Amino acid sequence: MVLLFFSLVYKANRLRTGYLLAVSLFFYFKTSGVFVLLLLFTIVSDYNWGRLIHQTANENRKKIYLTISVILNLSLLCYFKYSYFFHESANQISGGHDKFFNHFSHFSNTFFNTGFSVDKLLLPVGVSFFTFQSLSYTIDLYRNKIKPVNSVFDYGFFVCFFPHLVAGPIVKAHDFVHQIYQPYKLNKFEFGMALFWIINGFAKKIVADYMAVNYIDRIFDTPHLPSGLEVVFGIFGYSLQIYMDFSGYTDIAIGLALILGYRLKTNFNSPYKALSTSEFWKRWHISLSSWLQEYLYIPLGGNKKGSIGSYLAILIICAFLVLLSGKMWLLYCLLGLAFLFLLLALFIPKVKQQINTNINLMVTMLLGGLWHGSSTLFIIWGGLNGLGLVIHKFWKKISPFKGNENIIIKFSLMLITLTFISFTRIFFRSPDMQTVNMLFYRMNNFFGGDKFFEIIIGYKYVFALMVAGYMIHWIPERVKEKYRGWFATQHYVVMGAITVILIFLSYQLMSGEMQPFIYFQF
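Here is what the cut-offs are and how they apply
- Residues numbered from 1 in each chain as written.
- Predicted model: local features only at pLDDT ≥ 70, side-chain atom pairs only at ≥ 80, totals over all residues.
- Heavy atoms only, no water.
- Helix = DSSP H or I, 4+ residues; strand = E, 2+ residues; numbered from the N terminus.
- Contact = heavy atoms within 4.5 Å.
- 1 Å grid on protein atoms, 1.4 Å probe; cavity = no way out; pocket = protein on both sides within 12 Å on 5 of 7 lines; lining within 4 Å.
- Points joined across faces, edges and corners; volume = space filled by probe spheres on them.
- Nonpolar A, V, L, I, M, F, W, Y, C, P; charged D, E, K, R; others polar.
- Buried < 20%, exposed > 50% of the residue type's maximum accessible area, 1.4 Å probe, protein only.
- Salt bridge = Lys/Arg side-chain N within 4 Å of Asp/Glu carboxyl O.
- Patch = residues over 30% accessible without salt bridge, like charges linked within 9 Å, V, L, I, M, F, W, Y side chains within 5 Å.
- Areas by Shrake-Rupley, 256 points an atom, 1.4 Å probe, with all protein chains shown as cover.
- Phe/Tyr/Trp six-rings, centres within 6.5 Å; stacked < 30°, edge-to-face > 60°.
- Lys NZ or Arg CZ within 6 Å of the ring centre and 35° of its normal.
- Core = buried A, V, L, I, M, F, W, Y, C linked by side-chain atoms within 4.5 Å.
- Axes fitted to C-alpha atoms, helices over the stretch in contact; angles between N-to-C directions.
- Parallel < 35°, antiparallel > 145°, perpendicular 65-115°, else oblique.
- Expected span 1.5 Å × (residues − 1).
- Polar contact = N/O pair within 3.5 Å; in protein donor to acceptor, adjacent residues only side chain to side chain.

Moving on, we come to the environment of Tyr19. Assignment of secondary structure puts Tyr19 in helix α2 (residues 13-32). When the C-alpha atoms of Tyr19 and Arg61 are compared, they prove to be 35 Å apart, with 42 residues separating the residues in sequence. Excluding its chain neighbours within four sequence positions, the residues that come into contact with Tyr19 are Met1, Val2, Phe5, Phe6 and Val9.

If you walk through the whole model with that rule in mind, you get one cavity of 30 Å³ or more. In this model, the largest cavity occupies a volume close to 40 Å³. In this structure, the largest cavity is lined by Phe41, Thr42, Ser45, Asp46, Leu72, Asn73 and Leu76. If you list the elements that add at least two residues to the lining of the largest cavity, you get α3 (36-55) and α4 (59-94). Per-element accounting of the lining of the largest cavity gives the leading share, four residues, to α3. Looking at the lining of the largest cavity residue by residue, the classes come out as three nonpolar, three polar and one charged.

With that settled, consider unusual backbone geometry. Even without being glycine, Asn144 reaches a positive phi, approximately 60°. With respect to the secondary-structure elements, Asn144 resides in the loop between α6 (127-142) and α7 (152-160). A positive phi angle is found at Ser270, which is not glycine, with a value near 45°. Within the fold, Ser270 resides in the loop between α11 (228-259) and α12 (277-283). The exposure class of Ser270 is buried, given its relative accessible area of 6%.

So, on to the layout of surface pockets. Taking a probe equal in size to a water molecule and rolling it over the atoms shows the remaining empty space. Estimates place the volume of the largest pocket at around 1,200 Å³. Lining the largest pocket are 33 residues, and of these Ile314, Leu337, Ala338, Phe341 and Ile359 sit closest to its centre. The set of elements that each furnish at least two residues to the lining of the largest pocket consists of α14 (308-325), α15 (328-347), α16 (349-371) and α17 (376-398). Its residues placed into classes, the lining of the largest pocket shows 28 nonpolar, four polar and one charged. Empty space within the second largest pocket amounts to approximately 1,100 Å³. Surrounding the second largest pocket, 40 residues form its lining, Phe196, Asn200, Lys204, Ile472 and Tyr483 being those nearest its centre. For the lining of the second largest pocket, the secondary structure elements donating two or more residues are α10 (188-221), α11, α21 (460-473), α22 (477-488) and α23 (492-509). Ranked by residue count, the leading element in the lining of the second largest pocket is α10, at nine residues.

So, about the pattern of salt bridges. When their charged atoms lie close together, side chains carrying opposite charge are able to pair. Tallied over the full model, the rule gives 10 salt bridges. When the shortest N-O distance is used, the salt bridge between Asp175 and Lys265 registers 3.5 Å. Highlighted residues: Asp175 in helix α9 (residues 173-176) and Lys265 in the loop between α11 and α12, separated in sequence by 90 residues. Asp175 gets classed as buried once you look at its relative accessible area, which sits at 18%. The exposure class assigned to Lys265 is exposed, which follows from its relative accessible area of 57%. A salt bridge links Arg283 to Glu279; the shortest N-O distance between them is 2.9 Å. Of this pair, Arg283 and Glu279 both sit in helix α12, four residues apart, which is roughly one turn of that helix. Salt bridges here are not isolated pairs; linked through shared partners, they connect Lys145, Lys172 and Glu294.

For the rest of this paragraph, the subject is a nonpolar patch on the surface. Together, Leu337, Phe339, Leu340, Phe341, Leu342, Leu343, Leu344, Leu346, Phe347 and Ile348 give the surface a local cluster of nonpolar side chains, amounting to about 980 Å² of exposed area. Among the residues examined, Leu342 registers a relative accessible area of 47% and is labelled partly exposed.

Turning next to the packing of aromatic side chains. Applying the stated criterion to the full structure yields 50 aromatic pairs. Judged by centre distance (5.0 Å) and plane angle (90°), the rings of Tyr79 and Phe80 are edge-to-face. A centroid spacing of 6.2 Å and a plane angle of 15° characterise the contact between Tyr272 and Phe280, whose relative ring orientation is stacked. When sorted by exposure, Tyr272 lands in the same class as Phe280, which is buried. Sitting over the ring of Trp284, Arg425 keeps its end group 4.4 Å from the ring centre.

A few words now on the nonpolar core. Membership of the largest hydrophobic core comes to 121 residues, with the highest contact counts inside it found for Leu20, Tyr28, Tyr137, Phe158, Phe176 and Met211. Per element, the largest residue contribution to this core is 14 residues, and it comes from α11. Once residues lying within four places of it in the same chain are set aside, the contact partners of Leu20 are Phe6, Phe157, Phe161, Phe162, Leu260 and Tyr262. The next biggest cluster of nonpolar side chains, apart from the first, holds 10 residues, and it includes Tyr82, Ile317, Phe320 and Leu366.

On to the packing of α3 against α6, then. Where α3 contacts α6, the axes come no closer than 9 Å and their chain directions differ by 5°. Considering their axes alone, α3 and α6 lie roughly parallel with respect to each other. Contact residues: α3 offers Leu39, Thr42, Asp46, Gly50 and Ile53, while α6 offers Phe130, Ser134, Leu135, Tyr137, Thr138, Leu141 and Tyr142. In terms of residue class, the contact of α3 with α6 is made up of seven nonpolar, four polar and one charged.

Another aspect to go through is α3. Taking 1.5 Å as the rise per residue, α3 with 20 residues should run 28 Å; its terminal C-alpha atoms sit 29 Å apart, in good agreement. Buried within α3 are the following residues: Val36, Leu38, Leu39, Thr42, Ile43, Ser45, Asp46, Tyr47, Trp49, Gly50 and Ile53.

It is worth spelling out the side chain of Thr435 at this point. Along the chain, the position of Thr435 falls in helix α19 (residues 433-444). Separated by 2.8 Å, the side chains of Thr435 and Asp432 make a polar contact. The residues touching Thr435, leaving out its near neighbours within four places in the chain, are Phe220, Pro223 and Ser430.

The next point concerns the side chain of Asp245. Relative to the assigned elements, Asp245 resides in helix α11. At 2.8 Å, the side chain of Asp245 and the side chain of Lys205 are in polar contact.

This is the structure:
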């Protein structure tokens, strides 16, 4: 239906933009209801702050307008992601029992007759994604990287274009805004590629759901039941599941956007081919990694030096950890650790240099973990990945494998990287620390009583899909480009027939209940 009406307006830029804006707002309203008001507030607010930034020649005023925009966006994000956490932490520290009161739910119930519970916090779908997208606009205007949009409707379209609205990829202003004013163009090859990405993403999602429902969720929901071997398989299975789920969504988003005439950047580049943690983060969730690098890591000083902002961020993260744990001894431990590093930095110049050049890497990954939610486990996950990046920086200086093209060495490095990334995700996927401890306990008995062949036979279809998934993932990129190109150059009848066959095959795996995309919750 959307494409039917789109075919009537696609040649006129203003009509196309207005129509897709209306569709996008309706799409968000259907997924999030009254929370569409937050999206509209973000659009109107940042459009006007951006206009003020562009119109003023005074540098100080520009900074003030940008600061207000950043504070408003981050305040909105923090309220919906962290206010319940702050309230519970305050109760835990003070010993109080005050009930949480959700002001937005109260407002919605009063004026829109909704039935939200005022003592619970509901997270708007995709709030992290559209907040980061909107922030990129005012920051890019301040840096003179883009020209302002012509109207608030154009800006609204940039922020809430429905293919990428709720789970990315995160679209930066300087990558997208100029496309709004370009005439529609889509040749046969691009249409074929768009269709390929859509069915590819759909198939990934179906397979990810099948593995989750029939195996992986059971491992994390009942960690005391599986054997050590089943846990290990489940951890590697989860790495494949989250990749197929998340990259499946972005494949669909990229394909839909292309059919509508817009080009979104690649968000995943076969991340499990990475030979190091550094390479992995250049291949995984590229839109978030590049956003954090461009708007956080480099402004903090990059790999050259730490800044006041770097150390302030560390203080905020440590405060989060103390509040999350509710334990004052952790505060004393962190203060002692900080004092130790201070002494080492004062008396050993090399230690000071290493802290200064690596602190921003840790800050970026820790904040990346915190971006996913107010949980100690997310911070630990971010910290472990930050530690992996720092260790790799040192390893590069002494590695005997630098530049070595031996296939065995490369495959070994790839497996080591995949293993490290997969095991850090125990903290990402587990609902609490008890689950983490139980999973590690089960793995300690890896060889204790495991019946390898019984496990394989019992979950033969799941494991077959896991093996197939990794094997397809590891196919050389040049081969993938060939079969994508072959599909895109076929006659429409052939493309249609292949699409129907793949949808039919995927449907055979469809679980009774489709699981929501994992990153909808962020």
